[in-house]
Amino acid sequence: NAGVTQTPKFQVLKTGQSMTLQCAQDMNHEYMSWYRQDPGMGLRLIHYSVGAGITDQGEVPNGYNVSRSTTEDFPLRLLSAAPSQTSVYFCASSYIGSGNTIYFGEGSWLTVV
Amino acid sequence: AQSVTQLDSQVPVFEEAPVELRCNYSSSVSVYLFWYVQYPNQGLQLLLKYLSGSTLVKGINGFEAEFNKSQTSFHLRKPSVHISDTAEYFCAVSDQLSGYSTLTFGKGTMLLVSP
């Protein structure tokens, strides 16, 4: 049982480049979300999805796009990377009736230079 | 909207001493409450959660937390810590009624256990 899988684990980008952080879950969970973690800030919600075809913005959505074409996958796209997007990114999933118990991936460390 | 305040950014403690990590929340609706632990360079692991029922919740690794609705608190405790408990601890809340599943996190408390 793989759970929530994120790729890549580490990435260095140049300012202005674009990239996609991949997230997949094999638990058939309805809910998926992306958070970023910065020192002293805790985790902040970027985007979330309540099901295939449905996404919405969280607390810090600027500079990021998401889509949810399947239940399993929820990629996060950085359109034009900026140094302020240097962070650790966590994908998460949950299911209806779980009491909002959220399962996290192992994180993706992104550095923008 | 909810907010979470973790009152201490760092808590130094000696091995085998008791510890309490404080968490207060603010919300206009009923919430679920969580504590997560993050070891260095790793992801988040669920320690315990309060959904309903008994206000004293026991979790993994000997941790427990008590939900106090009147004080809007959810403090985490352990009677005797080990070196291996050194990690960052996050308190989080979730709206019971929102119809989706996201968390609002506190800024974290670093627990530093020394011999």
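Undergrad: Break down the state of the cysteines for me, with residues and values.
TA: Tallied over the full model, the rule gives 2 disulfides over all chains. One disulfide in the model links Cys23 of chain A with Cys91 of chain A; its S-S distance is 1.8 Å. Because the torsion about its S-S bond is -75 degrees, the bridge between Cys23 of chain A and Cys91 of chain A counts as left-handed. Taken as a pair, Cys23 of chain A in strand E3 (residues 19-25) and Cys91 of chain A in strand E9 (residues 87-94) lie far apart in primary sequence, 68 residues in all. In this pair, the class of Cys23 of chain A matches that of Cys91 of chain A, namely buried. Put simply, Cys23 of chain B and Cys91 of chain B are joined by a disulfide, and their sulfur atoms are 2.0 Å apart.

Undergrad: Before we move on, can you summarise the packing of aromatic side chains with the specific residues and values?
TA: This structure, assessed with the given rule, holds 13 aromatic pairs over all chains. With centroids separated by 5.7 Å and ring planes inclined at 35 degrees, the aromatic side chains of Phe10 of chain A and Trp109 of chain A adopt a geometry described as tilted. With a gap of 99 residues between them, Phe10 of chain A in strand E2 (residues 10-13) and Trp109 of chain A in strand E11 (residues 108-112) connect regions that are remote in the sequence. A residue is classified by how much of its surface remains accessible, and Phe10 of chain A, at 58% relative accessible area, is exposed. Measuring from centroid to centroid gives 5.4 Å for Phe63 of chain B and Tyr89 of chain B, while their planes differ by 45 degrees, and the two rings are tilted. Taken together, the residues Phe63 of chain B in the loop between strand E7 (56-58) and strand E8 (64-68) and Tyr89 of chain B in strand E10 (residues 87-95) connect sequence positions 26 residues apart. On the basis of relative accessibility, which here comes to 2%, the residue Phe63 of chain B falls in the buried class. Taken together, the aromatic side chains of Tyr35, Phe90 and Phe104 of chain A together with Phe34, Tyr36, Phe90 and Phe105 of chain B make up a single cluster linked through ring pairs.

Undergrad: Could you give me a rundown of the sheet that holds strand E8 (residues 76-78) of chain A, with the residues and numbers involved?
TA: Residues and elements named next belong to chain A. With respect to topology, 4 strands assemble into an open sheet ordered E1-E3-E8-E7, the strand pairing being antiparallel. If you trace the sheet from one side to the other, it starts and ends with strand E1 (4-7) and strand E7 (64-66), each paired once. Neighbour to neighbour, the strand axes of the sheet diverge by 20 degrees on average, direction disregarded.

Undergrad: I'd like a description of the nonpolar core, backed by residues and values.
TA: Counting 28 residues, the largest nonpolar core has Trp35, Leu48, Leu76 and Tyr89 of chain B as its most contacted members. Sequence-distant contacts of Leu76 of chain B, that is, excluding residues within four places in its chain, are made with Val19, Glu20, Leu21, Trp35, Leu47, Leu48, Phe63, Glu64, Ala65 and Tyr89 of chain B. Listed in part, the 19 residues of the second largest apolar core include Val4, Met19, Tyr64 and Ala81 of chain A.

Criteria and cut-off values
Residues numbered from 1 in each chain as written. Chains lettered and ligands numbered in written order. Predicted model: local features only at pLDDT ≥ 70, side-chain atom pairs only at ≥ 80, totals over all residues. Heavy atoms only, no water. Disulfide = S-S within 2.5 Å. Helix = DSSP H or I, 4+ residues; strand = E, 2+ residues; numbered from the N terminus. Buried < 20%, exposed > 50% of the residue type's maximum accessible area, 1.4 Å probe, protein only. Phe/Tyr/Trp six-rings, centres within 6.5 Å; stacked < 30°, edge-to-face > 60°. Pairing = 2+ DSSP bridges. Axes fitted to C-alpha atoms, helices over the stretch in contact; angles between N-to-C directions. Core = buried A, V, L, I, M, F, W, Y, C linked by side-chain atoms within 4.5 Å. Contact = heavy atoms within 4.5 Å.

Bear in mind that shape data such as this cannot, by itself, settle questions of function.
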